[in-house]
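Listed here are the chains, written in short residue letters.
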Amino acid sequence: MKNKHIIPVHNMNPESQLGIQFHQIEYSSEISGLMAKSNKNEVHRDDYYMFLLLEVADVVFSIDFEENRWQDKTVIYIRPGQVHFVSSIQKVRGWSMAIDSMLVENAYKNFFEGGFYTQKPTSIDTVTMTKLSETAGLLLTLINATQTPFSNGIISNLANVFIGIIAEQYASQREDLIHKKSRSALIAHQFKSLLSENFKTIKSPVEYARMLNYSLSHLNESVKNVTGFPVSYSIHQQIILEAKRLLYYTDLDVKEIGFQLGYEDHTYFSRLFTKTAGLSPSAFRRKFHV
């Protein structure tokens, strides 16, 4: 049953002293119906990164309103805070890593956080599949082995090897983003990070420019170089995405949602939602409600 006020947040298991949980996963078609039924409404966020390597898969999964089918030889990542759930499982075999954000190397974290898009599963070739599977096997062996004074560092480093190979696969399919002017990409990433932390309280493009110590025109130009859209568009998209999450996964009314997102005037919030999403908050809830 949905909580009226919040989207559930899954935390790292307190028994995981390393800040890493790594498992082999396997579900057969014999239990797919039960899995689909039991997971359909287990809508949640995580407070950690999730990386998946799927050797065999036929899974329908939703991340922030983008539904995708996961198939064989696929890698996927889910950022902390993204709302997600399984729609159905026919079969799946592979590996799952949950890792505290602080343990992910900055270069990889910046890549995964720097995009202004919702990620999709990425297919990998046999060679990459072998590299990732061998790394996964070694990582699991080390996690389950008797720990030494060096174990934490070795496991953390190997986990980042696993993550780095996945980042490399995504990067190879996003050359258009990677080849943007590095300065624009850096500024856009700074803005995206600031926006993620402050969108409920700060709505003004001028204020974000001031906080980043850039002129508004320079910030707009940099963000537009990377995303194709100005700063104001990104602000509205961030707000409306969170509003969609709350409309879809909670029973909060429109006024309460508007207030949570920093709008005292719920009619203004409703107009903004309608203009940005193409339908009213109430219509969105009726159309997409779980």
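Before reading on, note that the structure itself is shown above.
Residues numbered from 1 in each chain as written. Predicted model: local features only at pLDDT ≥ 70, side-chain atom pairs only at ≥ 80, totals over all residues. Heavy atoms only, no water.

## Section: the pattern of salt bridges
Move 1: What the rule picks out here adds up to 7 salt bridges.
Move 2: In this structure, glutamate 66 and lysine 120 form a salt bridge, with 3.4 Å as the shortest nitrogen-oxygen distance. You can see glutamate 66 sitting in strand S5 (residues 66–71) and its partner lysine 120 sitting in the loop between helix H2 (106–113) and strand S8 (122–123), a full 54 residues away along the chain.
Move 3: We note a salt bridge from arginine 210 to glutamate 207, for which the minimum N-O separation is 2.6 Å. Placement of the pair is arginine 210 and glutamate 207 together in helix H7 (residues 205–212), with a separation of 3 residues, close to one helical turn.
Move 4: Its relative accessible area of 54% is what places arginine 210 among the exposed residues.
Move 5: Look at glutamate 207 and you get partly exposed, because its relative accessible area is 26%. (Salt bridge = Lys/Arg side-chain N within 4 Å of Asp/Glu carboxyl O. Helix = DSSP H or I, 4+ residues; strand = E, 2+ residues; numbered from the N terminus. Buried < 20%, exposed > 50% of the residue type's maximum accessible area, 1.4 Å probe, protein only.)

## What to know about the packing of aromatic side chains
Move 1: Enumeration over the complete set of coordinates arrives at 17 aromatic pairs.
Move 2: Geometrically, the ring pair formed by phenylalanine 22 and phenylalanine 162 is edge-to-face, given 5.5 Å between the ring centres and 85 degrees between the ring planes. With a gap of 140 residues between them, phenylalanine 22 in strand S2 (residues 20–27) and phenylalanine 162 in helix H4 (residues 151–172) connect regions that are remote in the sequence. When sorted by exposure, phenylalanine 22 lands in the same class as phenylalanine 162, which is buried.
Move 3: The structure contains a cluster of three or more aromatic residues connected by ring pairs, namely Tyr49, Phe51, Tyr77, Phe111, Phe112 and Tyr170.
Move 4: Geometry around tyrosine 263 places lysine 203 over its ring, the cationic atom sitting 4.8 Å from the centre. (Phe/Tyr/Trp six-rings, centres within 6.5 Å; stacked < 30°, edge-to-face > 60°. Lys NZ or Arg CZ within 6 Å of the ring centre and 35° of its normal.)

## Describing the packing of H2 against H4
The relative placement of two packed helices is expressed as an angle between their axes plus a distance between the axes.
Move 1: One way to put it is that H2 packs onto H4 with a least axis distance of 10 Å and a crossing angle of 40 degrees. Classified by the interaxial angle, the pair formed by H2 and H4 is oblique. H4 is crossed by H2, and the crossing has left-handed handedness. Counted together, Tyr108, Phe111 and Phe112 of H2 and Asn160, Ile163, Gly164, Ile166, Ala167, Tyr170 and Ala171 of H4 form the full contact between these two elements.
Move 2: Considered class by class, the residues forming the contact of H2 with H4 number 8 nonpolar, 2 polar and no charged. (Axes fitted to C-alpha atoms, helices over the stretch in contact; angles between N-to-C directions. Parallel < 35°, antiparallel > 145°, perpendicular 65-115°, else oblique. Left-handed = near helix turned anticlockwise from the far one by under 90°. Contact = heavy atoms within 4.5 Å. Nonpolar A, V, L, I, M, F, W, Y, C, P; charged D, E, K, R; others polar.)

## Thoughts on the side chain of asparagine 160
Move 1: Tracing the backbone through its elements, the reader meets asparagine 160 in helix H4.
Move 2: The class of asparagine 160 is buried, set by a relative accessible area of 2%.
Move 3: Residues contacting asparagine 160, with those up to four places away along its chain left out, are Leu103, Val104, Glu105 and Tyr108.

By themselves, these observations are geometric and do not establish any function.
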